[in-house]
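Observations on the three-dimensional arrangement
Listed below are the residues making up each chain.
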Amino acid sequence: MITLDVARCLAPAVHDHGLDPDLLADDGPGGVAAAELTKRLEASRGTGMERWRLLAEDPMRAQHLAGVREVRDRYAGTLRNLVVLGIGGSALGNIALQAALNPPTHNLLPDPQRRSPRLFVLDNADPVLFQGTVDLVAADDPGFERTLFVVISKSGETAETAAQFLIVRDLLQKARGDAHSDRLVAITDPDRGTMRRICDAAGYATLPVPEGVGGRFSVLSPVGLLSAALCGIDVETLLEGAAAMEHACRSERLSENPAALLATTLVELGARCGKGVHVMMPYANQLDPMADWWRQLWAESLGKIVPGVQGTVFAGYTPVKALGATDQHSQVQLYREGPNDKAVIFLEVERFASEAPIPVGLGEDALAYLEGASLAQLLAAEKRATEYALTESRRPNLTIRLPEINEHTIGEFIMLWQVTTAYAGLMLGVDAYDQPAVELGKQATFALMGKPGFEQLRERVEGVPAPSA
């Protein structure tokens, strides 16, 4: 199982920029408070917007896997291209799973060497990205005989995804006529909404966005599982890893509950030591998109206004992504000598799928220290060196250590951060499952695009009178 090392967030390591170790003892203030929160989370587990905690266990697990397998088996061996339409929580998990669990050159491999279709995730309304990808797929597969589009939208009204869907649907209808429906699968609300009505009328295959599972908590549902399964990832083992971590995170002992320990450490560093910026720095390119997934989870869940008798509190932390060792050459200067307002979260991999040995025999004394080692050893040394340098500068840092990158450990990692977010939300006194500050921007977009009912808002946004009917 993945492990957590918070020693360099404590005062013996980073002095007044770290926490008193007694705070994190099982019988210390942090441990006692975390135990009470664990009881609260146990009582609400699987209810309301916390149904995501049940995604890795039956019956929800079995239901979702059955639906995913049915679609996977239907298209097995027939696809060359898989195109996902989605944004935010409907896209980031798909990208992160693919990057972590398939080769980085997956889309570039020739068909005989690639175990599954090429995956394209269109996670923005950028017209150049969209059109370039669609043109590439159409040139490769003019009749879309070997291409499947998956649209992910609970309501069907997310502007970016809806616009992409309208273009793709028109393209497929022109190319295939009434037979176009077998080239589209929607992951949407099982019972209601605009996308549900469209799918029912057109006969598109669908999988559910489960009730009580928000987008940023949905990667372990069909939202993330379908593209993973179609691309050859072992989704059963992914969920087994998530289930193992979820079980570990139900312990009332802080020392045995990685999510409670992680949340307590980060929240207390913010409250006691002013560390309001959290930097996730994976030392593995495979985990770089996982940091993108984490940024949404951490920012959108915890960044909230909290009214109080002492005045308004603006809660939350600023999540930043860095990549080791790349960003040792671009960001670490700031982290060591800039404002001491950060906690760095290292992601470390003990065993890589490839070591990449470095040959011997060049005969240059200046490079002899590298000969006979490997790139894996070099990357590990660079992580340890950065950890040391930050600690010397009294900059708190912790390490999440993966024995290796596989379906089980990635499932553990995803569940760890989701449960950590639930703890952090309670500690900060915020609703970790809403996103009220996002809604005004969505409504303003509707107004600027001319959606009926938003005329007054358009007038306020543009500063000009709304057009008459």
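Keep in mind that this is a model prediction, so the values were computed, not measured. Residue indices begin from 1 for each chain and proceed along its sequence in written order. Per-residue local features of the predicted model are confined to residues with pLDDT of at least 70, and side-chain atom pairs are confined, for both listing and counting, to 80 or more; whole-chain, interface and lining totals are unaffected and use all residues. By convention in this description, side-chain values take in all heavy atoms of the structure and omit both hydrogens and water.

Secondary structure is summarised from DSSP: a helix means a run of H or I of at least four residues, a strand means a run of E of at least two, and numbering begins at the N terminus for each. The helix and strand inventory of the chain stands at 16 helices and twelve strands. In terms of overall dimensions, the chain is globule-like: its C-alpha atoms have a radius of gyration of 24 Å, near the 23 Å expected for 469 residues. In terms of overall dimensions, the chain has a C-alpha envelope of 70 × 70 × 50 Å along the principal axes. For the chain, with 469 residues in total, the buried portion stands at 50%. Considering only residue pairs separated by 6 or more positions, the chain has 74% of its internal contacts joining residues 24 or more positions apart. The quantity called the radius of gyration is restricted to C-alpha atoms. Its globule counterpart is 2.2 Å times the number of residues to the power 0.38. Residue burial is assigned from relative accessible area. The probe radius is 1.4 Å, only protein chains are included, and a residue is buried under 20% of its type maximum, exposed over 50%, and partly exposed in between. Contact definition: two residues touch when any of their heavy atoms are within 4.5 Å.

A word on unusual backbone geometry. Between Asp58 and Pro59 the backbone carries a cis peptide bond, its omega angle lying at 10°. Geometrically, the link from Gly324 to Ala325 is a cis peptide bond, its omega value of 5° lying close to zero. Turning to its location among the elements, Ala325 is positioned in the loop between β10 (318–321) and α12 (332–337). Not every positive phi belongs to a glycine, and Phe144 is a case in point at roughly 55°. In this fold, Phe144 is placed in the loop between α5 (127–140) and β4 (147–152). Of note in the backbone geometry, Ala356 takes a positive phi value of approximately 55° without being a glycine. Among the structural elements, Ala356 can be located in the loop between β11 (342–351) and α13 (375–392). Under the relative-accessibility criterion, Ala356 is labelled partly exposed at 29%.

Disulfide: a covalent bond connecting the sulfur atoms of a pair of cysteines. Two cysteine sulfurs form what is called a disulfide whenever their separation falls within 2.5 Å. Considering all chains together, one arrives at zero disulfides under this definition. Cys249 carries a free sulfur, and the closest cysteine sulfur to it, the one in Cys9, is 17 Å from it. Taking the relative accessible area as the measure of exposure, Cys249 reaches 1% and is therefore buried.

So, about the side chain of Arg114. Topologically, Arg114 is positioned in the loop between α4 (92–101) and β3 (118–122). The buried category is assigned to Arg114, whose relative accessible area is 9%. Among the polar contacts listed, one links the side chain of Arg114 to the backbone oxygen of Ser116, at a separation of 2.8 Å. Dropping the residues within four chain positions of it, Arg114 is found in contact with Arg80, His106 and Leu109. Distance and chemistry together define a polar contact, namely a pair of N or O atoms within 3.5 Å, with one atom able to donate a hydrogen and the other to accept it when in protein, and with adjacent residues in sequence counting only for side-chain atoms on both sides.

So, on to empty space enclosed by the protein. The pocket and cavity definitions rest on a 1 Å grid over protein atoms only: a 1.4 Å probe that fits but cannot leave marks a cavity, an open set with protein on both sides within 12 Å along at least five of seven lines marks a pocket, and residues lining either have an atom within 4 Å of a point. Grid points are joined across faces, edges and corners, and a volume is the space filled by probe spheres set on the points. For the structure on display, the rule yields two cavities of 30 Å³ or more. The calculated volume of the largest cavity comes to roughly 50 Å³. What lines the largest cavity is simply Tyr335, Pro339, Asn340, Asp341, Lys342, Val344, Leu390, Arg395 and Pro396. Residues that form the lining of the largest cavity fall into these classes: five nonpolar, one polar and three charged. Estimates place the volume of the second largest cavity at around 40 Å³. Lining the second largest cavity are Tyr283, Glu348, Val349, Phe352, Leu379, Ala380 and Lys383. Elements that contribute at least two residues to the lining of the second largest cavity include exactly β11 and α13. Per-class residue counts for the lining of the second largest cavity are five nonpolar, no polar and two charged. Three classes are used: nonpolar for Ala, Val, Leu, Ile, Met, Phe, Trp, Tyr, Cys and Pro, charged for Asp, Glu, Lys and Arg, and polar for all others, with Gly counted as polar.

Here we come to the pairing of β3. Extensive coverage of β3 is indicated by the burial of five of its five residues. Of the two faces of β3, both are covered, the one formed by Arg118, Phe120 and Leu122 as well as the one formed by Leu119 and Val121. As defined by bridge partners, strand β2 (residues 81–85) adjoins β3 across five bridges and the pair is classed as parallel. Among the inter-strand pairings, Asn81 is bridged to a residue of β3, identified as Arg118. Assignment of crossover handedness uses the view with strands pointing away from the viewer, where a clockwise path from the first strand over the helix to the second indicates a right-handed crossover. Running through α4, the crossover from β2 to the neighbouring parallel element β3 is right-handed. Here the rule is simple: two strands pair whenever DSSP picks up at least two bridges between them.

Here we come to the pattern of salt bridges. Side chains bearing opposite charge may pair, as long as their charged atoms lie close to each other. One side-chain nitrogen of Lys or Arg within 4 Å of one carboxyl oxygen of Asp or Glu is enough to make a salt bridge. Summed over all chains, the structure comprises 38 salt bridges. With its nearest N and O atoms 3.8 Å apart, the salt bridge here joins Asp5 to Arg8. When its relative accessible area of 23% is taken as the criterion, Asp5 is described as partly exposed. With a shortest N-O distance of 3.1 Å, Glu145 and Arg176 are connected by a salt bridge. In this pair, Glu145 sits in the loop between α5 and β4 while Arg176 sits in helix α6 (residues 159–176), placing the two residues 31 residues apart along the sequence. Overall, the relative accessible area of 16% leaves Arg176 in the buried class.

This part takes up the packing of aromatic side chains. Aromatic rings from Phe, Tyr and Trp, with only the six-membered ring used for Trp, were paired whenever their centres fell within 6.5 Å, and each pair was classed as stacked if the ring planes differed by under 30 degrees, edge-to-face if by over 60, and tilted otherwise. The full count for this structure, using the stated rule, is nine aromatic pairs. Geometrically, the ring pair formed by Trp298 and Tyr317 is stacked, given 6.3 Å between the ring centres and 20° between the ring planes. With Trp298 in helix α11 (residues 288–302) and Tyr317 in the loop between β9 (313–314) and β10, this pair connects stretches of sequence that are 19 residues apart. A relative accessible area of 0% places Trp298 in the buried class. On the accessibility criterion, Tyr317 (10% relative accessible area) is buried. Put simply, the rings of Trp294, Trp298, Tyr317 and Trp417 pair up and form one aromatic cluster. Working rule: Lys NZ or Arg CZ, within 6 Å of ring centre, within 35 degrees of ring normal, means a charge sits over the ring. Above the face of the Phe446 ring, Lys451 is positioned so that its terminal group lies 4.1 Å from the ring centre.

The strand order across the open sheet formed by five strands is β1-β12-β11-β7-β10, and the pairing between neighbours is mixed. The sheet is open, and its two borders are formed by β1 (3–5) and β10, each paired with just one other strand. Strand after strand, the sheet turns through a mean of 20° between neighbouring axes, direction not considered. Here an axis means a line fitted to C-alpha atoms, over the contact stretch when the element is a helix, while the angle between two N-to-C directions is reported on a 0 to 180 degree scale. Contacting β7 (277–282), β10 and β11, α11 crosses the sheet at an angle of about 175° to β10. The sheet strands contacting helix α14 (residues 407–428) are β7, β11 and β12 (397–404), and the helix crosses β12 at an angle near 150°.

The geometry of α11 relative to α14 is characterised by a closest axis approach of 10 Å and an angle of 20° between their N-to-C directions. In terms of orientation, α11 lies roughly parallel with respect to α14. In the crossing of α11 with α14, the sense of the turn from one axis to the other is right-handed. Across from Met290, Trp293, Trp294, Leu297, Trp298, Ser301 and Leu302 in α11, the residues of α14 making contact are Ile410, Phe413, Ile414, Trp417, Gln418, Thr420, Thr421, Ala424, Gly425 and Leu428. Within the contact of α11 with α14, the residues separate by chemical class into twelve nonpolar, five polar and no charged. An angle below 35 degrees is read as roughly parallel, one above 145 as roughly antiparallel, one from 65 to 115 as roughly perpendicular, and any other as oblique. Each crossing is labelled by how the near helix is turned from the far one, with a counterclockwise turn of less than a right angle marking it left-handed and a clockwise turn marking it right-handed.

Interpretation in functional terms is not warranted from these geometric data alone.
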